[in-house]
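Each chain, written out:
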Amino acid sequence: MRALSTAATGMEAQQLNVEVIAHNLANMNTTAFKRQRAEFQDLLYQNMGQVGAASSDAGTIVPTGLQIGLGVQAGSVYRITEQGSLSQTGNELDLAISGRGYFRIELPNGGEAYTRSGSFSRSPEGQLVTSDGYLVMPGIAIPEEARRVDVNQQGQVQVMMDGDAEPQILGQLELITFANEAGLEAAGDNLYLETAASGAANVGVPGQPGFGIIRQGFVETSNVDAVTEITALIRAQRAYEMNARVISAADEMLAASANLR
Amino acid sequence: MARPLRWTGQRGWQKSGRTRHTARKGEDGAMDNMMMIGLSQQQVLRRAMDITANNIANVSTAGFKAEQLLVEADPYTRARAEDGPARLNYVAEWGMGRDFSQGSLEQTGRPLDVAITGDGFFTIDTPQGERFTRDGRFSMDAAGTLTSANGAPVLGEGGAPITIDPEAGPVTILANGEVSQDGLVAGRIAITRFEDNGLLSKIGDNLYTAPEDAPRELALEPVIRQGFVESSNVRPIMEITSMMEVSRAYSSVTRMLQQADELSRKAIERLGRPG
């Protein structure tokens, strides 16, 4: 009976759905986390009736066959790159991006990764680094004697040195955009990697058209909405239960036939 | 018997291939009729269950349209009995109905998610030819082409794919399908409408295919909503109810078959008793 395996695909799909929702909820308080959504597509169809067969002697044609669907498959898990809200921290090295773009990070192996999580710190050498100690590119070294660091909306980093009257320009932060942000590969630790689907990294300066601006003293919160997720969770669970009921009903039908003498 | 006309328009009931369950010649005694009719109904019920299972499995599939098995009493292959009632009918599938009614719109927050309100389909250029879908979860590939969830280009009104500049600002999609960026129009999403939705057949991956000569037109004034996705129009309560109906009907037919079997066994036993 097809109904059994069809309902099994439904249960599998809803299981994936619940896993994605669980991941979203688990990351509700992760800086700059982007929520994900499982999306489904119908599976193959089996043609039971012949398409285009003559349905009468008068030459009328059967327009379509009788098609029986074989269930559902997970199409993809989308990342919804909607802006998260900004939360004020007061920390001068917390930088949030308002609008499009990613910070570029140098990985210890020399590769590059991208992140929107801008809670940065100072390394022992004075370099601007992520919370994991990875270098923010292009490297910005903050001198020890710096009294305060200022980052303006265009990403220009300035320091006020002890005893100086004028701020000193230290460097310029860059932002990276991608043609297809959803195509970035999530590498954990709030980092994303470039893929063939995302397109090549496109370097720009904050505030330039198509790029976001920098907000100092803020972090971007996760864009997970607890209410939406819980609603989705309830729906997924109900859908799972319904598929389970189909399995037991189909099984009962099979059993009835099996018990026929 | 005059065949019922098919519905057109929103609910595209379609007529389709038929299967017949004929009793073999020379074996159409009254008892066999009972068995054969029961079996024909069981087969149809199993198929109805398969379709219900598929609907329920696709309860969260974007743009999915629910299906229903249409059943008829088959008047052509009449089950005959020498000295029994003359009009016995087998059960047969008459076709499949697809409910093309609007699914509810769900807000997603993705700028490239679009939903159609009203009739019509997005036109997708797959390697196998033009395909149609109500699933508007589009993306932009690395070159800036607007693509469907499977990466095939979405066609614009001129029959060409719509290309967006990946480096320019946000994409705006107007209600009439116009895709623009920074005030510059990149194209207009083509919405294809069919005179008879019953001509469409599903090929999986949320896509429909239509015969080459199916009458169609481009919708002049479609209504498209950006940031929304059309949910599946499967109504869970209806499906569960029909599932219960099917499984009850199946067990009652099974019981009937069992009784018929018992009856014939008893008859043989009694008639076979000497004296």
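Residues numbered from 1 in each chain as written. Chains lettered and ligands numbered in written order. Predicted model: local features only at pLDDT ≥ 70, side-chain atom pairs only at ≥ 80, totals over all residues. Heavy atoms only, no water.

Q: Before we go on, may I ask you to explain the overall build of chain A in this structure?
A: If you tally the helices and strands in chain A, you get 2 helices and 20 strands. For 261 residues, the compact-globule estimate of 2.2 N^0.38 gives 18 Å, and chain A exceeds it by more than 25% at 27 Å. The principal-axis extent of the C-alpha atoms belonging to chain A is close to 100 × 40 × 35 Å. Partitioning the contacts of chain A with sequence separation of at least 6, the portion at a separation of at least 24 is 62%. Carbon and sulfur atoms make up 50% of the accessible area of chain A, which totals about 12000 Å². (Helix = DSSP H or I, 4+ residues; strand = E, 2+ residues; numbered from the N terminus. Rg over C-alpha atoms; globule rule 2.2 N^0.38 Å. Contact = heavy atoms within 4.5 Å. Areas by Shrake-Rupley, 256 points an atom, 1.4 Å probe, with all protein chains shown as cover.)

Q: Would you mind showing me how to read the UniProt feature "domain: Flagellar basal-body/hook protein C-terminal" (unreviewed entry) in chain A here?
A: Mapped onto the present numbering, the UniProt feature "domain: Flagellar basal-body/hook protein C-terminal" (unreviewed entry) falls on residues 215-260 of chain A. From the first C-alpha to the last, residues 215-260 of chain A spans 74 Å; its make-up is 72% helix and 11% strand. (UniProt positions renumbered as here; feature names shortened; annotations may be inferred.)

Q: Can you walk me through the UniProt feature "domain: Flagellar basal body rod protein N-terminal" (unreviewed entry) in chain B in this structure?
A: When the UniProt feature table is mapped onto this chain, "domain: Flagellar basal body rod protein N-terminal" (unreviewed entry) is found at residues 43-65 of chain B. End C-alpha atoms of residues 43-65 of chain B are separated by 24 Å, and the span's content is 65% helix alongside 0% strand.

Q: Got a minute to help me understand the interface of chain B and chain A in this structure?
A: How big an interface is tends to be stated in terms of the accessible area lost upon association of its parts. Counting from both sides, the interface comprises 66 residues of chain B and, opposite them, 63 residues of chain A. Linking chain B to chain A there are 4 salt bridges. A salt bridge links B:Arg137 to A:Glu39; the nearest nitrogen and oxygen atoms lie 3.5 Å apart. Those elements that provide at least two residues to the side of chain B that touches chain A are helix 1 (30-57), strand 2 (67-79), strand 3 (88-99), strand 8 (139-140), strand 14 (201-204) and helix 2 (236-272) of chain B. When grouped by side-chain class, the residues that make up the side of chain B that touches chain A number 26 nonpolar, 20 polar and 20 charged. (Salt bridge = Lys/Arg side-chain N within 4 Å of Asp/Glu carboxyl O. Nonpolar A, V, L, I, M, F, W, Y, C, P; charged D, E, K, R; others polar.)

Q: What am I meant to see in unusual backbone geometry here?
A: The general pattern is negative phi for most residues beyond glycine and trans for most peptide bonds. In the segment running from A:Met137 into A:Pro138, the intervening peptide bond is cis, with an omega of -10°. By secondary structure assignment, the location of A:Pro138 is in the loop between strand 11 (135-137) and strand 12 (146-151). At A:Ala32, a position not held by glycine, the phi torsion is positive, near 60°. By the secondary structure assignment, A:Ala32 is in the loop between helix 1 (2-26) and strand 1 (36-42). A relative accessible area of 5% places A:Ala32 in the buried class. Of note in this structure, B:Asn206 is not a glycine but carries a positive phi near 65°. (Buried < 20%, exposed > 50% of the residue type's maximum accessible area, 1.4 Å probe, protein only.)

Q: So what exactly am I meant to see when it comes to the sheet that holds strand 13 (residues 156-161) of chain A here?
A: The strands making up a sheet associate through backbone hydrogen bonding, with each pair oriented either parallel or antiparallel. Residues and elements named next belong to chain A. One open sheet accounts for 3 strands, arranged 12-13-14; its pairing is antiparallel. Lying at the two open borders of the sheet, with one neighbouring strand each, are strand 12 and strand 14 (168-172). On average, each strand axis in the sheet is tilted by 25° relative to the strand beside it, whichever way the strands run. When strand 13 meets strand 14, the two strands line up antiparallel, connected through 4 bridges. Within strand 14, the residue paired with Val159 across the bridge is Gln168. (Pairing = 2+ DSSP bridges. Axes fitted to C-alpha atoms, helices over the stretch in contact; angles between N-to-C directions.)

Q: Is there a simple way to think about the pattern of salt bridges in this case?
A: A side chain with one charge can pair with a side chain of the opposite charge if their charged atoms come near. Overall, the coordinates contain 23 salt bridges over all chains when judged by the stated rule. Salt-bridge contacts for A:Arg235 lead to B:Glu106; the nearest nitrogen and oxygen are separated by 3.6 Å. Linking A:Arg235 in helix 2 (residues 226-258) with B:Glu106 in strand 4 (residues 105-107), this pair reaches from one chain into another. The shortest N-O distance in the salt bridge between B:Arg216 and B:Glu130 comes to 4.0 Å. Residue B:Arg216 is found in strand 16 (residues 216-218), and its partner B:Glu130 is found in strand 7 (residues 129-133); the two are separated by 86 residues along the sequence. Classification of B:Arg216 by relative accessible area gives partly exposed; the value is 33%.

Q: Whenever I open this one, the packing of aromatic side chains confuses me. Can you help?
A: Aromatic ring pairs are described here by two measures, namely the spacing of the ring centres and the angle between the planes. Overall, the coordinates contain 10 aromatic pairs over all chains when judged by the stated rule. Taking the centre distance of 5.0 Å and the plane angle of 75° together, the rings of A:Phe103 and A:Phe120 count as edge-to-face. One end of the pair, A:Phe103, is in strand 7 (residues 103-106); the other, A:Phe120, is in the loop between strand 8 (112-115) and strand 9 (121-122), with 17 residues separating them in the sequence. For the residue pair A:Phe103 and A:Phe120, the accessibility class agrees, reading buried in each case. With 5.9 Å between their ring centres and 45° between their planes, B:Phe100 and B:Tyr208 make a pair best called tilted. In this pair, B:Phe100 sits in the loop between strand 3 and strand 4 while B:Tyr208 sits in strand 15 (residues 207-209), placing the two residues 108 residues apart along the sequence. You can call B:Phe100 buried: its relative accessible area is 5%. Accessibility expressed as a relative area gives 2% for B:Tyr208, which makes it buried. Every member of this aromatic cluster is reached through a ring pair, and the members are B:Phe100, B:Phe121, B:Phe132, B:Phe194 and B:Tyr208. (Phe/Tyr/Trp six-rings, centres within 6.5 Å; stacked < 30°, edge-to-face > 60°.)

Q: Got a minute to help me understand the side chain of A:Thr30 in this structure?
A: All names here are of chain A. Examined against the element boundaries, Thr30 turns out to sit in the loop between helix 1 and strand 1. A distance of 2.8 Å separates a polar atom in the side chain of Thr30 from a polar atom in the side chain of Asn27. Excluding its chain neighbours within four sequence positions, the residues that come into contact with Thr30 are Asn190, Thr221 and Ser222. (Polar contact = N/O pair within 3.5 Å; in protein donor to acceptor, adjacent residues only side chain to side chain.)

Q: Looking at this model, I keep getting lost on the sheet that holds strand 12 (residues 184-188) of chain B. Mind explaining?
A: Residue and element names in this part refer to chain B. Pairing is antiparallel in the open sheet, where 3 strands are placed in the order 10-11-12. Single-partner strands in this sheet number two, and they are strand 10 (171-173) and strand 12. Looking at each pair of strands side by side, their axes are set apart by 25° on average, direction ignored. Here strand 10 pairs with strand 11 (residues 178-181) via 3 bridges, running antiparallel. Bridging across to strand 11, Ile173 finds its partner in Val179.

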